Amino acid sequence: MEKLGKIIDEANRQKIAGKKIKVFKPIIDNRFSENSLVDRNGQKIAAINIENIEEIKSYDADVYLIDEFQFLKGDIKAIQDLESKGKKFYIAGLNLTTEKKPFGKMGDILCCADNVQMMTSICEICKGENAIYSYCKIQKTGDVLVGGDDIYIPVCSNCYNRLLNGEIKL
Ligand SMILES: [Zn+2]
């Protein structure tokens, strides 16, 4: 299952459990819908657009769910402060940029997480190996270029290197 589907499922599970939930997504990500998260199966849930991690402090909830965490600015201390008050977090994001660098604050949040699930899709080039990297099909500047399947493709380590050195052309 894709990670967004997991966030939406968890949000629904927590709601059934009677928890007060809030769902957040970076303001930069309006690929599918302005104020909601929509997974590829059309499942939908209301989401609050934020730019900075600290903005979640203005919202009261038992459980905070955040998608596309890699695009958020700010300090994860805001999350640790809320966690120390008994709040729960479910966070999804892309751990690496296409240059294989830790993406945004993903490294910070991974170190604090008590449960990490790595999700990979199958490499789009060889259709065999797990895709642990994403390869950007177009030239870009900086880490942030929002796009979907048109710009990024999931690739395995071997195919990533072959794309990079020109052995494979797209
Ligand atoms: Zn491959």
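This text follows the structure it describes.
Since this is a predicted model, take the numbers as computed values, not measurements.

S.K.: Please give an account of the packing of aromatic side chains that cites residues and values.
M.R.: Inspection of the entire model under this criterion finds six aromatic pairs. Centre to centre, the rings of Tyr64 and Phe89 are 5.1 Å apart; their planes meet at 15°, and the pair counts as stacked. Taken together, the positions of Tyr64 in strand S5 (residues 63-66) and Phe89 in strand S6 (residues 88-91) put the pair 25 residues apart, joining distant regions of the chain. The pair Tyr64 / Phe89 is uniform in exposure class, with both members buried.

S.K.: Please give an account of the side chain of Gln14 that cites residues and values.
M.R.: Relative to the assigned elements, Gln14 resides in helix H1 (residues 3-16). We classify Gln14 as buried; its relative accessible area is 10%.

S.K.: Kindly report on the coordination of the zinc ion, identifying the contributing residues and their values.
M.R.: Distances from the zinc ion to its protein donors, Cys123 (SG), Cys126 (SG), Cys156 (SG) and Cys159 (SG), fall within 2.3 Å. Viewed at the metal, the four donor atoms of the zinc ion are separated by angles of 101 to 116°, and the geometry they form is tetrahedral. Of note, the zinc ion draws all its donor residues from one chain, in the sequence arrangement C-x2-C-x29-C-x2-C. Placement of the pair is Cys123 in the loop between strand S7 (121-122) and strand S8 (130-131) and Cys156 in the loop between strand S10 (152-155) and helix H4 (157-164), with a sequence separation of 33 residues.

S.K.: Residues and numbers for the nonpolar core, please.
M.R.: Ranked by internal contacts, the top residues of the largest apolar core, which has 18 residues, are Ile53, Ile56, Tyr64, Phe69 and Ile79. Mapped by element, the contributors of at least two residues to this core are S5, helix H2 (77-84) and helix H3 (106-112). Sorting elements by how many residues they give to this core places H2 first, with three residues. Those residues within four positions of Ile53 in sequence are excluded, and the remaining contacts are Phe69, Leu72, Lys73, Gly74, Asp75, Ile76, Ala78, Ile79 and Lys105. Counting residues in hydrophobic clusters, the runner-up holds 12 residues, among them Val23, Ile45, Val63 and Ala92.

S.K.: Explain unusual backbone geometry to me, using residue names and the numbers behind them.
M.R.: Positive phi outside glycine occurs at Lys100, with the angle close to 65°. Relative to the assigned elements, Lys100 resides in the loop between S6 and H3. Taking the relative accessible area as the measure of exposure, Lys100 reaches 32% and is therefore partly exposed. One non-glycine residue with positive phi stands out, namely Lys127, at about 55°. Looking at the secondary structure, you find Lys127 in the loop between S7 and S8. Overall, Lys127 belongs to the exposed group, its relative accessible area being 61%.

S.K.: Tell me about the sheet that holds S6, and please be specific about residues and values.
M.R.: Hydrogen bonding along the main chain pairs the strands of a sheet, whether they run parallel or antiparallel. With parallel pairing, four strands are arranged side by side in an open sheet as S4-S1-S5-S6. Both edges of this open sheet fall to strand S4 (48-50) and S6, since each of them pairs with a single strand only. On average, adjacent strands in this sheet sit at an angle of 25° to one another, irrespective of strand direction. Where S5 meets S6, four bridges bridge the pair, whose relative direction is parallel. By the bridge assignment, Ile66 is partnered in S6 with Ile91. This element, H2, spans S5 and S6 of the sheet and lies at about 140° to S6.

S.K.: Can you explain H1? Please cite residues and give values.
M.R.: When the terminal C-alpha atoms of H1 are compared, their 20 Å separation across 14 residues agrees well with the 20 Å that a helix rising 1.5 Å per residue should span. Taken as a whole, H1 has its buried residues at Leu4, Gly5, Ile7, Ile8, Glu10, Ala11 and Gln14. Of the surrounding secondary structure, the elements contacted by the buried residues of H1 are strand S1 (21-26), strand S2 (36-38), strand S3 (44-46), S5 and S6. Within two residues after H1, Gly18 carries a phi angle of roughly 85°, on the positive side.

What counts as what
Residues numbered from 1 in each chain as written. Predicted model: local features only at pLDDT ≥ 70, side-chain atom pairs only at ≥ 80, totals over all residues. Heavy atoms only, no water. Phe/Tyr/Trp six-rings, centres within 6.5 Å; stacked < 30°, edge-to-face > 60°. Helix = DSSP H or I, 4+ residues; strand = E, 2+ residues; numbered from the N terminus. Buried < 20%, exposed > 50% of the residue type's maximum accessible area, 1.4 Å probe, protein only. Donors = N, O, S within 2.8 Å, 3.2 Å for Na, K, Ca; no water. Tetrahedral: all angles 85-135°; square planar, octahedral: opposite > 155°, others 65-115°. Core = buried A, V, L, I, M, F, W, Y, C linked by side-chain atoms within 4.5 Å. Contact = heavy atoms within 4.5 Å. Pairing = 2+ DSSP bridges. Axes fitted to C-alpha atoms, helices over the stretch in contact; angles between N-to-C directions. Expected span 1.5 Å × (residues − 1).

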